[in-house]
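# Overview (structure and organization)
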Amino acid sequence: MTGKERIVKAFACEPTDRVPWVPFVGCHAGALIDKDAETYLKSAELIERGVNKAVQLYQPDGIPVMFDLQVEAEALGCGLVWSKENPPAVTRHPLTNGVTLEDLKVPGPEAGRIAVALAATRRIRNTHPDLAVYGLITGPFTLALHLLGTDIFMKMFDTVDQVHQLLGFCRDVCNAMSRYYIEAGCDVIALVDPMTSQIGPDQFQQFVTPYAKDIFAEIDRLGAMSSFFVCGHAQQNIAVMAHTGCGNISIDENIPLDYVRDECRKHNVSFGGNLQLTSVLLLGRPIDAQKNALACLEVAGETGFILAPGCDLPYATPPENLQAVVEIVHDPYKRDVVRQMAADTPDEDRLDMLEYGQADKVVVDIITLDSEACAPCQYMVDAVKRVAPEFEGIVIWHEHKIKYRESLVFMTSLMVRNVPTICIDGEIVFVSRIPPRDELIAAIQKRINEKFRLRIQQRKASLYLLGKRDEKMTALCDNVQQAMKELGTTDVHVEHIEEDKLIAGFGVAPSQTPAVVMAKYAVKSLHRVPEVVVIKEWLKDIK
């Protein structure tokens, strides 16, 4: 059975001799031939060479031509910024820069890098006739965000008709791209729409379903297979995705595979995923990759399932990790060996985050896959960038790309499970949802207010006035009250102590009165039992 035949049967939810395997090799293929992402994605010849190398190393049943969700956006006038290890990111949105929807035209097959993608497709088709060739196109909702930016989220409430007009245009672009890829030789058209993870099922049905149905119907009419590819925390939309007419749903590690399996089987839709991109394939060992692959196979079963990474493979993924997956796919004996192995993969080291966020400034952490490569991550980071100037000198922010081990450890230490996620002073606030400007500002301001109240609490103090009530003590009391009045302070407790025994407890002899002792209180710990070594450090400050 050829790889293409396995893919066809898997899409039809029919038995196969083994589960088919499709590594989503994008820029990683550039790394295989020692080319940076920008150079690689601009050359049909290099794309063919990279895919050929991936086929040689990873023995797939299907392979994408490329994984770049900015090809259509670039042809439509979006501004891009390029990276050495990722596809380009959209940085300028035409419809917010003086261009109208009427100015935009569906790009032809020779526009921009569309011509490069199609030339590469024809080369790969001729070289690998037995593989299922995937053409990846940008889904209508994500393409609409590229053209309009995050303003689309407000317009979905304020100007619904305009949003539908935009999505109708994006549907037309998707239909044209599908036709170009199929005519060039693709067997599968994957509609990749990661930004749908930012909306719920009601909005999905209103703004995505009608256009996705049209696109999948067109793909079916043209005689190709279709896949709906979504990444991010999109579990809430799997059921409605299954009603769009797609032949396959592919997901990443943010969504439990057993949930997707059950939903897809209800509707006789095949499914694919969800090997862990960073913690396993990029940063793990070959044995970690094998255990992850085996776990996916055992959860998904052997019918209607395609084993694949959850998204575009990171550029620097070690080839040996993917080759280890190949062994699991092709060799039943290797699966038995891995299944019997007793040693578990050790957990990542975790940082002690209990005191995190106690500095004077508010810290906003954005946990991403990589904002240069992941559209939801990019727009999440952009949301923080836009509001940060409102809190200049008060708020600092950092992006933590979990393709790096230290960021992955940071993520697990904060108990973050999905990307992208925004944490404020170590607390998870926005999970896989790009917050509107006002909501993000309100969340940051809330934390600033909490810190202000904590600072007041930490500054509370007591004044002990020691001595008998006489003329000097009366004058002292009057001076204390006047000082507090002039400072406008109300958080100082004043107590008058007359008994000689209690006065002596402060280290003051009765003959030394009137005396003033100030006790300043600093909150050192909340909601926890501090270790002895920590308390010792506190005590050193008062020795």
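About the criteria used
- Residues numbered from 1 in each chain as written.
- Predicted model: local features only at pLDDT ≥ 70, side-chain atom pairs only at ≥ 80, totals over all residues.
- Heavy atoms only, no water.
- Helix = DSSP H or I, 4+ residues; strand = E, 2+ residues; numbered from the N terminus.
- Polar contact = N/O pair within 3.5 Å; in protein donor to acceptor, adjacent residues only side chain to side chain.
- Contact = heavy atoms within 4.5 Å.
- Pairing = 2+ DSSP bridges.
- Axes fitted to C-alpha atoms, helices over the stretch in contact; angles between N-to-C directions.
- Core = buried A, V, L, I, M, F, W, Y, C linked by side-chain atoms within 4.5 Å.
- Buried < 20%, exposed > 50% of the residue type's maximum accessible area, 1.4 Å probe, protein only.
- Domains from an automatic or database assignment.
- Parallel < 35°, antiparallel > 145°, perpendicular 65-115°, else oblique.
- Nonpolar A, V, L, I, M, F, W, Y, C, P; charged D, E, K, R; others polar.
- Disulfide = S-S within 2.5 Å.
- Arc of directions from axis to C-beta.

### A word on the side chain of Thr 16
Within the secondary structure, Thr 16 sits in the loop between helix H1 (3-11) and helix H2 (28-32). Here the side chain of Thr 16 touches Arg 18 through a polar contact of 2.7 Å, landing on its backbone oxygen. Those residues in contact with Thr 16, other than ones at most four positions away along the chain, are Met 1, Arg 6, Lys 9, Ala 10 and Glu 302.

### A short note on the sheet that holds strand S4 (residues 132-138)
Ordered by their spatial adjacency, 7 strands build an open sheet running S1-S4-S5-S6-S7-S8-S9, and the pairing between neighbours is parallel. At either margin of the open sheet sits one strand with a lone partner, and together these are strand S1 (62-64) and strand S9 (305-309). The average undirected angle you get between the axes of adjacent strands in this sheet is 25°. Of the pairings in the sheet, the one linking strand S7 (residues 248-250) to strand S8 (residues 270-275) comprises 3 bridges and is parallel in character. Counted as the bridge partner of Ser 250 is Gly 272 from S8. Contacting S4 and strand S5 (188-192), helix H9 (residues 160-184) runs over the sheet at an angle of about 160° to S4. Against the sheet, helix H13 (residues 257-266) makes contact with S7, S8 and S9, and its axis sits at roughly 175° relative to S8, the strand it touches most.

### What to know about the environment of Gly 232
Tracing the backbone through its elements, the reader meets Gly 232 in the loop between strand S6 (225-229) and helix H12 (238-241). It is 24 Å that separates the C-alpha atoms of Gly 232 and Asn 175, two residues lying 57 residues apart in sequence.

### Let's talk about the nonpolar core
If you look at the biggest cluster of nonpolar residues, it comprises 163 residues, and the most contacted ones within it are Tyr 134, Phe 141, Leu 147 and Leu 307. Counting residues per element, this core draws most heavily on H9, at 13 residues. Shared between two domains, this core holds at least three residues of each, these being domain 1 (35-275) and domain 2 (347-456). Those residues in contact with Leu 147, other than ones at most four positions away along the chain, are Leu 76, Cys 78, His 93, Pro 94, Leu 95, Thr 96, Leu 104, Leu 166, Phe 169 and Cys 170.

### Section: the packing of helix H7 (residues 140-148) against helix H8 (residues 151-158)
Here H7 crosses H8 at 105°, and the two axes come no closer than 9 Å. Between H7 and H8, the angle falls in the class roughly perpendicular. In this structure, H7 uses Phe 141, Ala 144, Leu 145 and Leu 148 to contact H8, whose residues at the interface are Asp 151, Ile 152, Phe 153, Lys 155 and Met 156. Of the residues in the contact of H7 with H8, the class split is 7 nonpolar, no polar and 2 charged.

### Let's talk about the environment of Thr 421
Structurally, Thr 421 can be placed in strand S12 (residues 421-424). Accessibility expressed as a relative area gives 1% for Thr 421, which makes it buried. Sequence-wise, Thr 421 and Arg 433 are 12 residues apart; in three dimensions their C-alpha atoms are separated by 7.5 Å. For Thr 421, the contacting residues outside a window of four places in its chain are Asp 365, Ile 366, Ile 367, Met 380, Val 416, Ile 428, Phe 430, Val 431 and Ser 432. Of note is the side chain of Thr 421, whose polar atom sits 2.6 Å from the backbone oxygen of Asn 418.

### Considering the domain arrangement of the chain
Segmentation of the chain into domains returns domain 1 (35-275), domain 2 (347-456) and domain 3 (460-521). Domain 1 and domain 3 are separated by 73 Å when their C-alpha centres are compared.

### Brief notes about the state of the cysteines
If you walk through the whole model with that rule in mind, you get 0 disulfides. Not engaged in a disulfide, the cysteine Cys 78 finds its nearest cysteine sulfur in Cys 170; these two sulfurs lie 9.4 Å apart. Classification of Cys 78 by relative accessible area gives buried; the value is 5%. Residue Cys 174 stays outside any disulfide, its sulfur separated by 6.8 Å from that of Cys 170, the closest cysteine. What makes Cys 174 buried here is its relative accessible area of 1%.

### Looking at H8
Restricting attention to buried positions, one finds in H8 the residues Ile 152, Phe 153 and Met 156. In a view along the axis of H8, the buried residues occupy a sector of 110°, so they form one face of it. Projecting away from the buried face of H8 at angles above 90 degrees are the exposed residues Phe 157 and Asp 158. Looking at the buried positions of H8, the neighbouring elements they touch are H7, H9 and helix H10 (201-207).

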